[in-house]
Amino acid sequence: SFSREAQIFVEKFEGALGKGKGKKFYAYKVMMTKKWMKFQRDFENFKTACIPWEMKIKEIESHFGSSVASYFIFLRWMYGINMILFGLTFGLVMVPEALMGKPYGSLPRKTVPRAEEATAMNFATLWDFSGFAQYSVLFYGYYNNQRTIGWLKFRMPLSYFLVGVGSIGYSFMIVTRTMAKNANDDGGGDDTSFNFSWKMFTSWDYLIGNPETADNKFASITTSFKEAIVEEQESRKEENIHLTRFLRVLANFLALCTLAGSGYLIFFVVRRSQQFALEGLENYGWWERNEVNTVMSLLGMFCPTLFDVISSLENYHPRIALRWQLGRIFALFLGNLYTFIIALMDEINLKARYLLPFTLEEEKIVKYNMTIWEASLYNGTIPENSTAPPIQVDPADVPRGPCWETMVGQEFVRLTVSDMMTTYITILIGDFLRAVFVRFFNYCWCWDLEYGFPSYSEFDISGNVLGLIFNQGMIWMGSFYAPCLPAINVFRLHTSMYLQCWAVMCCNVPQERVFKASRSNNFYMAMLLFILFLSTLPAVYTIVSIPPSFDCGPFSGKTRMYEVISETLEHDFPSWFGKVFGYASNPGLILPFILLMVLSLYYLNATSKSYKEANLELKKKLQSVRIEN
Amino acid sequence: RLHGRYHEMAPNVVPMDYTKDPDVKLPMQLIINMPELKENPFKERIVASFSEDGEGSLSFNDFVDMFSVLSEMAPRELKAIYAFKIYDFNTDNFICKADLEKTLNKLTREELTAEEITLVCEKVIEEADMDGDGKLGFADFENMISKAPDFLRYYFKKK
């Protein structure tokens with residue numbers, strides 16, 4: 001019967017076989033179609049190959065499931081954002097200053113002070129980001145406050161300010177845009193009427209000829225089946241509603257108790273440390289001195305495990321359980337941070353009341369010292385009412401004012417670097433050494449190391465995701481004071497990707513129950529947005545309320561940092577522009593505008609809800625029509 | 001070109017000249033070692049379903065048939081017919097539960113537990129069996145495959 005079909009086929013396509021009329025044109029058409037299809041396929045392959053790390057992530061997805069892969073996709077997305085932030089800070093702040101600003105050593109603020117010169121090049125100092133690293137384009141303090149630099153008349157302070165504000169604005173925009181895009185994707189939904197059948201009959205790719213690809217394909221098919229099985233088991237679960245509800249309420253109650261307990265513990269410990277400080281730290285040993293740090297680290301290590309145990313009461317779908325876990329750990333870290341700050345609040349209040357007049361005092365004192373010092377240079381050589389050429393003084397010898405912005409920037413950089421080191425060492429010891437130990441000592445150990453304790457570690461999704469998010473929060477907070485932070489973070493994410501991909505494939509085992517991550521990742525995005533909001537609060541506060549240091553940075557000499565905008569408006573724009581801006585920033589105009597935005601938000605929300613409902617109705621109709629057929 | 005491939009698998013058996021229509025068959029072992037089929041978990045079934053004598057030896061005609069069906073130009077209905085034959089391990093013209101279990105084991109290289117396998121096979125029968133006989137006839141299979149988005153993509157073959 002097949003040869004009959006072949007005969008029909010041949011008769012139909014006579015032209016292509018070189019017989020009948022129009023053969024040349026037909027043959028040409030067929031060849032062009034084939035070439036075009038081949039070109040399209042090659043182009044698709046090329047586009048996929050251009051996405052960085054796509055092969056690595058696909059490999060991880062096939063062995064470990066889509067939830068672990070979603071962490072790496074999130075990491076790659078963060079890398080993209082950090083590249084853009086790096087481009088902004090590097091191209092518009094660091095490079096112009098390095099190329100066109102006054103060179104190192106020309107101004108007091110750009111030179112290592114005489115007192116520190118001896119150690120300025122030591123590795124230990126550089127690792128701590130002091131010495132030469134501190135007096136360079138890497139930190140806020142290096143930048144000069146002249147309005148334009150170089151022959152291009154590049155407006156440095158304006159650029160610094162705009163890059164800072166622009167980075168925050170860009171981050172908000174991209175996070176919100178990604179959330180919106182993910183919400184769109186989710187709305188599609190897929191046709192799951194033949195889910196298992198399709199998986200069984202259409203998942204093997206008949207084009208595979210390479211053994212490694214075949215291995216990955218087998219692993220990915222197995223993982224895909226396992227995920228579908230988990231979904232099916234979850235949907236079949238017989239739930240005793242009352243028992244489940246009771247258990248869930250109990251679990252939440254226990255979680256709240258844990259959070260409250262940890263908060264109280266931190267409060268208690270901080271108060272005790274203040275007590276110790278009052279009585280003099282020399283009387284106490286190592287534990288008392290480092291009590292607060294150790295307690296916070298221990299809480300950070302053990303409470304997540306406790307939450308894990310509590311969540312086994314709740315019997316949720318693994319994806320939902322992961323979200324609860326993430327939410328609780330997030331609340332734990334935030335709660336700890338806030339109790340820490342509140343406990344210190346008294347101390348801060350005291351210090352602030354004393355410090356603020358001190359900093360002003362300190363400024364006056366330093367300025368006074370400088371005038372005296374200058375006078376001493378001219379001492380006796382020149383009469384008072386004549387102008388004399390300034391004496392050449394080495395900038396390293398000029399007394400310096402305090403520069404809190406650089407100090408803040410340095411703290412953030414040190415924190416980021418130490419966090420990076422801790423993560424890498426934890427991976428190497430916690431995962432790699434553990435795997436090596438289990439693998440090689442299994443032969444001479446009393447119980448089976450691979451099945452019992454400690455066995456190979458699983459990939460900790462929640463811990464890693466939260467680490468990534470909090471790290472990004474640090475970057476957002478600190479990049480205004482240290483333009484080098486995005487660069488450090490790009491380096492960190494790049495190495496992190498390779499190290500973690502290797503560690504996962506080499507030392508981890510897949511989880512017991514592999515579940516399909518929701519395609520959207522919107523949960524991670526929501527947490528990221530929240531952290532972004534929290535991190536930008538301090539920077540915005542300092543821009544608006546705190547006077548910049550008088551002796552360093554691009555805003556020195558101004559009473560507030562945002563004055564650079566009004567200065568630019570005065571000098572660089574025609575006068576009517578300034579007037580318009582003045583009118584526009586009138587509260588009488590801004591309040592109605594805000595009201596309008598709130599109303600349009602409400603309206604758009606209502607319309608989107610109604611569209612979703614209409615969508616669901618149509619889907620149901622489609623299903624019933626199909627069943628009828 | 002296909003003749004060249006057929007010939008080079010067993011040069012001493014396959015004649016270069018086919019005008020006299022000789023009766024030459026190549027055994028299954030040679031065919032499943034071809035690079036296109038080597039990694040395929042269903043290679044034995046593919047060769048068996050194109051073989052006229054059912055034992056797995058392919059004459060040159062069968063060989064050409066096999067590659068035509070697997071090519072891009074073959075129509076969808078034809079591919080569905082042969083896909084059904086491939087997955088029907090006991091050749092009773094129905095894909096029953098045992099066939100499904102064998103397919104699943106080949107696909108996952110036996111990584112799933114027994115209860116997982118049972119669950120999947122039950123689900124497949126539940127989803128695709130329209131006439132309620134507990135196994136998939138060709139009509140059920142065709143109905144399910146025609147709605148699948150991936151089917152045509154993965155059955156393409158480059159020449």
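Within any chain, residue numbers begin from 1 and follow the written order of that chain's sequence. Both sets of labels track the order of writing: A upward for chains, 1 upward for ligands. Thresholds applied to this predicted model are a pLDDT of at least 70 for local features of residues and 80 or more for the giving and counting of side-chain atom pairs; totals over whole chains, interfaces and linings are not thresholded and use all residues. Side-chain descriptors were evaluated using all non-hydrogen atoms of the structure, hydrogens and water having been removed beforehand.

The next subject is the domain arrangement of chain B. One frequent convention defines the size of an interface as the accessible area lost when the parts assemble. Residues and elements named next belong to chain B. Per the domain assignment, the segments making up chain B are domain 1 (1-70) and domain 2 (75-158). Residue contacts follow a heavy-atom distance rule, with two residues in contact if any of their heavy atoms lie within 4.5 Å. Listed as interface residues are 11 residues of domain 1 and, on the opposing side, 15 residues of domain 2. Put simply, buried area is how much 1.4 Å-probe accessible surface two parts lose in total, over both of them, once they are put together. Where domain 1 abuts domain 2, roughly 1,300 Å² becomes buried across the two surfaces, and 68% of that area is made up of carbon and sulfur atoms. By definition, a salt bridge exists where a carboxyl oxygen of Asp or Glu is found within 4 Å of a side-chain nitrogen of Lys or Arg. Linking domain 1 with domain 2 are 0 salt bridges. The definition of a polar contact used here is a pair of N or O atoms within 3.5 Å, where within protein one atom must be able to donate a hydrogen and the other to accept one, and adjacent residues in sequence count solely through side-chain atom pairs. Taken together, domain 1 and domain 2 are joined by 3 residue pairs in polar contact (both at pLDDT 80 or more). By the criteria applied, helices consist of DSSP H or I runs no shorter than four residues and strands consist of E runs no shorter than two, each listed in order from the N terminus. Mapped onto the side of domain 1 that touches domain 2, the elements with two or more residues apiece are α4 (43-50) and α5 (60-69). Domain borders in the structure are assigned automatically or taken from a domain database.

It is worth spelling out helix α14 (residues 461-478) of chain A at this point. Residue and element names in this part refer to chain A. Residue count minus one, scaled by 1.5 Å, sets the expected span of a helix. Taking 1.5 Å as the rise per residue, α14 with 18 residues should run 26 Å; its terminal C-alpha atoms sit 26 Å apart, in good agreement. Only protein chains enter the calculation, and the probe is 1.4 Å; a residue is then buried if its accessible area is under 20% of its type maximum, exposed if over 50%, and partly exposed in between. For α14, the buried fraction is high: 13 of the 18 residues fall into the buried class. Capping the start of α14, D460 holds a side-chain oxygen 3.2 Å from the backbone nitrogen of G463, two or three residues further along.

What follows is about the packing of α4 of chain B against helix α6 (residues 76-87) of chain B. Residue and element names in this part refer to chain B. Note on geometry: axes are C-alpha line fits, over the in-contact stretch for helices, and angles between N-to-C directions span 0 to 180 degrees. Two numbers describe how α4 lies on α6: the axes approach to 8 Å, and their chain directions differ by 120°. Regarding the angle of α4 to α6, the classification is oblique. Crossing angle aside, the handedness with which α4 passes α6 is right-handed. On the side of α4, the interface is formed by R45, I46, S49 and F50, while α6 contributes Y82, K85 and I86. Looking at the contact of α4 with α6 residue by residue, the class counts come to 4 nonpolar, 1 polar and 2 charged. The cut-offs work like this: below 35 degrees is roughly parallel, past 145 is roughly antiparallel, 65 to 115 is roughly perpendicular, and the gaps in between are oblique. Each crossing gets its hand from how the near helix is turned against the far one by less than a right angle, where anticlockwise is left-handed and clockwise is right-handed. All residues other than Ala, Val, Leu, Ile, Met, Phe, Trp, Tyr, Cys, Pro, Asp, Glu, Lys and Arg, Gly among them, are scored as polar; the first ten of these are nonpolar and the last four charged.

To pair, rings of Phe, Tyr and Trp, with the six-membered ring standing in for Trp, must have centres within 6.5 Å; the planes then decide the type, stacked if under 30 degrees apart, edge-to-face if over 60, and tilted in the middle. The tally for this structure, following the rule as stated, stands at 31 aromatic pairs over all chains. Relative to W77 of chain A, the ring of F74 of chain A lies with its centre 6.1 Å away and its plane at 10°, an arrangement referred to as stacked. With F74 of chain A and W77 of chain A both in helix α4 (residues 66-100) and 3 residues apart, the pair spans about one turn of that helix. With 5.6 Å between their ring centres and 75° between their planes, Y160 of chain A and F480 of chain A make a pair best called edge-to-face. Of the two residues, Y160 of chain A is situated in helix α6 (residues 156-188) and F480 of chain A in the loop between α14 and α15 (485-507); the sequence distance between them amounts to 320 residues. Residue Y160 of chain A is classed as buried on the basis of its relative accessible area, which comes to 3%. The ring of F89 of chain B is capped by R45 of chain B, whose NZ or CZ atom sits 5.6 Å from the centre of that ring. Look at NZ for Lys and CZ for Arg. If either is within 6 Å of the ring centre and within 35 degrees of the ring normal, a charge sits over the ring. Between the NZ or CZ atom of K135 of chain B and the centre of the ring of F94 of chain B, over which it lies, the distance is 4.5 Å.

Moving on to the UniProt feature "transmembrane region" (unreviewed entry) in chain A. Residues and elements named next belong to chain A. Under the local residue numbering, the UniProt record ascribes the feature "transmembrane region" (unreviewed entry) to residues 77-99, 120-143, 158-175, 246-270, 326-345, 523-544 and 580-604. A distance of 31 Å separates the end C-alpha atoms of residues 77-99, which is 100% helix and 0% strand. The distance separating the terminal C-alpha atoms of residues 158-175 is 26 Å; by composition the span is 100% helix and 0% strand. UniProt positions are given in the numbering used here, feature names are shortened, and annotations may be inferred rather than shown by experiment.

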